[in-house]
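Residues per chain are reported as follows:
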Protein chains: 2
Amino acid sequence: MTTLPADSAIEGRRPTMRDVAARAGVSLKTVSRVLNGESGVYVETAERVRVAARDLRFVRNESAATLKRSGQRSRSIGLVLENVANPYWAALAKAVEDVARERGFLLTTGSSGDDPAVERQLLDELCNRRVGGLLVVPSGAELGYLADEIEHGTVVVSIDRPAAGVKVDTVLLANAAGVRDGVLHLVGAGHHRIAFVGDTVRYTGSQRLAGYREALSAAGLPFDRHLVRRAHDAEHARAAARELLALDDAPTAIFAGNNLLTRGVLEALGPQRREIAVVGFDDFPFATLMEPPVTVVGQDAAELGRSGALQLFRRLEGESGPVQEIVLATTLVARGSGELTPAGRR
Amino acid sequence: MTTLPADSAIEGRRPTMRDVAARAGVSLKTVSRVLNGESGVYVETAERVRVAARDLRFVRNESAATLKRSGQRSRSIGLVLENVANPYWAALAKAVEDVARERGFLLTTGSSGDDPAVERQLLDELCNRRVGGLLVVPSGAELGYLADEIEHGTVVVSIDRPAAGVKVDTVLLANAAGVRDGVLHLVGAGHHRIAFVGDTVRYTGSQRLAGYREALSAAGLPFDRHLVRRAHDAEHARAAARELLALDDAPTAIFAGNNLLTRGVLEALGPQRREIAVVGFDDFPFATLMEPPVTVVGQDAAELGRSGALQLFRRLEGESGPVQEIVLATTLVARGSGELTPAGRR
DNA sequence: TTGAAAGCGCTAACAT
DNA sequence: ATGTTAGCGCTTTCAA
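Chain A carries the name LacI family DNA-binding transcriptional regulator in an unreviewed UniProt entry, which gives Flexivirga alba as its organism.

Draft legend 1. Just the sheet that holds strand β6 (residues 194–197) of chain A, in detail. Residues and elements named next belong to chain A. The mixed open sheet is built from six strands, whose spatial order is β7-β6-β8-β9-β10-β12. Both outer strands of the open sheet, β7 (227–228) and β12 (331–333), are each paired with one neighbouring strand and no more. Relative to β12, strand β10 (residues 295–298) runs antiparallel, the two being bridged by three bridges. Residue pairing for β12: V297 is matched across the bridge by L332. Of the strands in this sheet, β6, β7 and β9 (277–281) are in contact with helix α10 (residues 203–219), which crosses β6 at around 170 degrees.

Draft legend 2. Geometry of the domain arrangement of chain A. Residue and element names in this part refer to chain A. The domain architecture assigned to chain A consists of domain 1 (2–16 + 58–167) and domain 2 (175–299 + 331–339). Once you take the C-alpha centre of each, domain 1 and domain 2 turn out to be 36 Å apart. Facing the seven residues of domain 1 at the interface are seven residues of domain 2. When domain 1 packs against domain 2, close to 630 Å² is buried across both sides, 49% of that on carbon and sulfur atoms. Taken together, the links from domain 1 to domain 2 amount to one salt bridge. The closest approach of N and O atoms between D114 and R202, which form a salt bridge, is 3.6 Å. The tally of links from domain 1 across to domain 2 stands at two residue pairs in polar contact (both at pLDDT 80 or more). Of the residues that constitute the side of domain 1 that touches domain 2, the class distribution is two nonpolar, two polar and three charged.

Draft legend 3. Representation of helix α11 (residues 234–245) of chain A in the model. All names here are of chain A. Counted at 1.5 Å a residue, the expected span for α11 with its 12 residues is 16 Å, and the 16 Å between its end C-alpha atoms agrees. Summarising the contacts, the buried residues of α11 are in contact with β6, β7 and α12 (259–269). The residue sitting at the N-terminus of α11 and contributing the capping side-chain oxygen is D233; that oxygen lies 3.1 Å from the backbone nitrogen of E235.

Draft legend 4. Inspection of the interface of chain A and chain B at higher detail. Opposite the 58 residues of chain A that make contact, chain B presents 58 residues. Of the roughly 5,100 Å² buried between chain A and chain B on both sides combined, carbon and sulfur atoms contribute 54%. At the junction of chain A and chain B, the tally comes to four salt bridges. Its salt-bridge partner being A:R14, residue B:E149 comes within 2.9 Å of it at the nearest N-O pair. At the junction of chain A and chain B, the tally comes to 24 residue pairs in polar contact (both at pLDDT 80 or more). Put simply, the parts of the chain that give the side of chain A that touches chain B at least two residues each are α5 (62–68), β1 (74–81), α6 (87–102), β2 (106–111), α7 (116–128), α8 (147–151) and α12 of chain A. The greatest single-element share of the side of chain A that touches chain B, amounting to seven residues, is contributed by α7(A). Residues belonging to the side of chain A that touches chain B are distributed by class as follows: 21 nonpolar, 17 polar and 20 charged.

Draft legend 5. Spatial organisation of the packing of aromatic side chains. Applying the stated criterion across every chain, the model contains 13 aromatic pairs over all chains. A centroid spacing of 5.1 Å and a plane angle of 80 degrees characterise the contact between B:F105 and B:F313, whose relative ring orientation is edge-to-face. Residue B:F105 is located in the loop between α6 (87–102) and β2 (106–111), and its partner B:F313 is located in helix α13 (residues 301–316); the two are separated by 208 residues in the primary sequence. Note on accessibility: B:F105 and B:F313 belong to one class, buried. Look at B:Y212 and B:F223: their rings are 5.9 Å apart centre to centre, the planes differ by 50 degrees, and that puts the pair in the tilted class. Of this pair, B:Y212 sits in helix α10 (residues 203–219) while B:F223 is found in the loop between α10 and β7 (227–228), placing the two residues 11 residues apart along the sequence. Since its relative accessible area comes to 21%, B:F223 is described here as partly exposed. Sitting above the plane of the A:Y145 ring, A:R120 keeps its charged end 4.0 Å from the centroid.

Draft legend 6. Layout of the pattern of salt bridges. With the rule as written, the count across this model stands at 41 salt bridges over all chains. Measuring nitrogen to oxygen at the nearest pair gives 3.9 Å for the salt bridge that ties A:D124 to A:R120. Of this pair, A:D124 and A:R120 both sit in helix α7, four residues apart, roughly one helical turn. Note that B:K29 is salt-bridged to B:E38, the shortest N-O span being 3.9 Å. Residue B:E38 is classed as partly exposed on the basis of its relative accessible area of 38%. Beyond isolated ion pairs, a larger network of salt bridges with shared partners links A:D114, A:D160, A:R161 and A:R202.

Scoring rules and cut-offs
Residues numbered from 1 in each chain as written. Chains lettered and ligands numbered in written order. Predicted model: local features only at pLDDT ≥ 70, side-chain atom pairs only at ≥ 80, totals over all residues. Heavy atoms only, no water. Pairing = 2+ DSSP bridges. Helix = DSSP H or I, 4+ residues; strand = E, 2+ residues; numbered from the N terminus. Contact = heavy atoms within 4.5 Å. Axes fitted to C-alpha atoms, helices over the stretch in contact; angles between N-to-C directions. Domains from an automatic or database assignment. Buried area = accessible area lost by both parts, 1.4 Å probe. Salt bridge = Lys/Arg side-chain N within 4 Å of Asp/Glu carboxyl O. Polar contact = N/O pair within 3.5 Å; in protein donor to acceptor, adjacent residues only side chain to side chain. Nonpolar A, V, L, I, M, F, W, Y, C, P; charged D, E, K, R; others polar. Expected span 1.5 Å × (residues − 1). Phe/Tyr/Trp six-rings, centres within 6.5 Å; stacked < 30°, edge-to-face > 60°. Buried < 20%, exposed > 50% of the residue type's maximum accessible area, 1.4 Å probe, protein only. Lys NZ or Arg CZ within 6 Å of the ring centre and 35° of its normal.

What follows is the structure, given as structure tokens:
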């Protein structure tokens, strides 16, 4: 007696556990047990089931499993952030994915563009799919609509920025402290006119601005002359930096609020890169290759993602207790651009 | 009579369509019709249903819908690539996500690390979830195991590299032609000793190597003296470039096979960046900021992703016809590093 | 235009 | 150790 080809048994449609059961000569439940690694099945029976599954090229239907599973959460988690194409967020997404995979979860990522409507749509879609948990880099808008989901058992963790309107575990960076360190580093190099180019409308930007303010105040320096509040991208930063450099009392040093803005500032500086000191928030791969290499306040995107994902899974695995706020420290990485002195300029 | 708070109606569990139906005083099917935008429902009935759904904060269970829906495909697509943390792949993922969102689909991305086992696991998990389609940047290993899925209606599209073992739509880059252009550009600048640093084991690397070979042969130059075949990352490239530069007949120009390798080569060059010409495959954000700015053979990752995703949805929407191979052109972007002449060096 | 009934493929509770 | 039964929440037939 020869084994029939897999498709001869069941025309057209995919094999189900029932088909596997029939082929193995056991009941549906036994197949379920074997395929889920439950104990209490004779090894020979289990083997027969596995052979049957392989022969039929059985692929479990996760939708059915999710539908039935108590609590009804799929083995996926969702991540909503501003834009995966930004290397910073991409690194974070990879870290989240790694943690998820260790647990047998898949990751669905959505880019909100920091648009509250898109953010909500993404979050809704993810909830529709009954994801086990949601990791969000909030755009800043109210997230109150998540309260219901949370009550129904969806775990939500906010990363990089606090979530408005819901109380959830949060992983933050020590933004203010990081900037303060960076600016004081410039003060230490002798600078008195230190500009800040940032996007201070958003949470991280405002926190970073606060750090800038703290540092200047600690150093007894005036505050508002060299401040750019609304640099949203590299273009804006470039234009803003050009304007700053054209001032009578042009700054001798510039602090850039994030990796995009650092790029814009460096573009604006051109050959002046050897005269004007620069410190940027966020490290980036080519920082060491610039002339001079760029001093940064480094924040580890991967660590932020890992930390958030770990917290999410801790909750998923049943950890209770009050809402947590985890704050990650930053590191000043001196490479050259932040150690230039104001020499040659008044 | 006041409306009761949503949760008073149904304790604990999530509201289902049945709950919405009860509240709206209609049948389950009518709710389904309204929520799916089917025609043939009185506007007032539809409105009542929508109000009830809103009041109960009803969220549709996609698993149940997927389970029942004929063909059983979820409104998600999967993307398996080497590593989302690489800005190149991140840009591609974003482009895919954008196309998916236009169609109301979510994107689940997995990083295989080019490990065939991980790749297979990721692909399997995605199939378990009955995704509508699969976009793969194949690691190079046999993908024959996808044949069944494809037969069952899962659409698979291969991007950046051809899929081995299955016939699927494929979107490729004109790798060889791109490299040939870049190398001939260096020849045109007067170079006779042009090194190639690549990872020629993998598909794209081997194609690029072929372009290098073509160019040298067209220019009547010898081939094997300045060739590095196994540079997998920036570190390797750096070490390899150092060795090349230490040779008696050191190259006067280097072609780097991808963005990671370009970085490694630039690191190795250090101050020699103004003497040794460099052309890299892949554009990168900081290319214009280097000294000199880096000449590259640009390939548009976003276009690659978009193109693959569009093809996938075309198939999903029923387009039949033979398997397609789409080839995207590259563009040489001259910025300075590739225009350096061999002057000063023999 | 609306509804009743059947069942998608699985897991959970309860037999045996 | 194994099987039987009853659904999960939805979509699909088919009938009213």
